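Here is how the chains run, residue by residue.
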Amino acid sequence: MPLVRIAIANEVDLTGSLIAHRISSLSSEVEGIVEQISVDDGHKVKRGDAIVQLNQDIAKIAKDTAAAELAESEATLKESIRRHAELERLKDSSHASRSSVEAAKAQISIDEASRARAISNLRRATTLLNKHSILSPFAGIVNRKLVEIGQWIDTTTPLVELVDSNLLRL
């Protein structure tokens, strides 16, 4: 009788649960109205994929206002520098007092601080605008979508439950 090679499989029926290494209820860092939802239950997402988009109208206005304030502060600083240089030239011919030159120099420092504050305000407004887009912090599967378009959410409102499917335990 010839030898025959066959695969032997031992099957064992078990009852158990798959437990994800990481499950996260995603929330927003800002409050607002849900404008778009890019996922639904069971969708696979990669790190950085769009999950929820909040209405950005007010945040865009705040950013535009901050940008205008920065432009204004830069123009004011430029004028202060010009005025100080002019007073320095006039001081040499005794047409400007030392006090007015020092005051113009101090105004430059004040305007530089104002410009720094305007830059900071623009950075803040840009950051807040960007936080209206909620992105996936890791690759996984959307277990549950917890909000709907038009819903008002705050920073404690869970948006979706995201499950990391890369590492599961049985």
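Everything below is about the structure printed above this text.
Residues numbered from 1 in each chain as written. Predicted model: local features only at pLDDT ≥ 70, side-chain atom pairs only at ≥ 80, totals over all residues. Heavy atoms only, no water.

1. Looking at the overall build of the protein chain
Broken down by element type, the protein chain carries two helices and ten strands. Listed N to C, the secondary structure of the protein chain is β-β-β-β-β-α-α-β-β-β-β-β in terms of helices and strands. For 170 residues, the compact-globule estimate of 2.2 N^0.38 gives 15 Å, and the C-alpha radius of gyration of the protein chain, at 30 Å, exceeds that figure by more than 25%. Reported as C-alpha extents along the three principal axes, the dimensions of the protein chain are approximately 120 × 45 × 20 Å. (Helix = DSSP H or I, 4+ residues; strand = E, 2+ residues; numbered from the N terminus. Rg over C-alpha atoms; globule rule 2.2 N^0.38 Å.)

2. Points about the sheet that holds strand β9 (residues 160–163)
Spatial ordering of the open sheet is given by β2-β9-β7-β4, a layout of four strands whose pairing is antiparallel. Two strands close off the open sheet at either side, each with one partner strand: β2 (23–26) and β4 (44–45). With four bridges joining them, strand β7 (residues 140–145) and β9 adopt antiparallel strand pairing. If you follow R144 over to β9, its bridge partner there is E161. (Pairing = 2+ DSSP bridges.)

3. Some thoughts on the environment of R169
Relative to the helices and strands, R169 is located in strand β10 (residues 168–169). Those residues in contact with R169 that lie beyond four places of it in its chain are S17, L18, I19 and H21. (Contact = heavy atoms within 4.5 Å.)

4. Focus: the sheet that holds strand β8 (residues 152–153)
Spatially, four strands are ordered β6-β5-β3-β8 in an open sheet, and the strand pairing comes out antiparallel. Two strands bound the open sheet, and with one partner strand each, they are β6 (133–135) and β8. The sheet contact formed by strand β5 (residues 50–54) and β6 spans three bridges and is antiparallel. From the neighbouring strand, A50 faces β6, where its bridge partner is L135.

5. Notes on the nonpolar core
Ranked by internal contacts, the top residues of the largest apolar core, which has 17 residues, are V34, V39, I51, V52 and L54. Sorting the residues of this core by element identifies β3 (32–37), β5 and β9 as the ones contributing at least two each. Considering every element that reaches this core, the biggest residue donor is β5, with three residues. Those residues in contact with I51, other than ones at most four positions away along the chain, are L26, Q36, I37, S38, V39, V45, I134, L135, S136 and V160. Membership of the second largest hydrophobic core comes to five residues, among which are A66, L70, A118 and L122. (Core = buried A, V, L, I, M, F, W, Y, C linked by side-chain atoms within 4.5 Å. Buried < 20%, exposed > 50% of the residue type's maximum accessible area, 1.4 Å probe, protein only.)

6. So, the packing of aromatic side chains
On inspection of all chains with the given rule, the structure shows zero aromatic pairs. Cation over ring: R22 sits above F138, and NZ or CZ is 4.1 Å from the ring centre. (Phe/Tyr/Trp six-rings, centres within 6.5 Å; stacked < 30°, edge-to-face > 60°. Lys NZ or Arg CZ within 6 Å of the ring centre and 35° of its normal.)

Shape is all these values report; function is a separate question.
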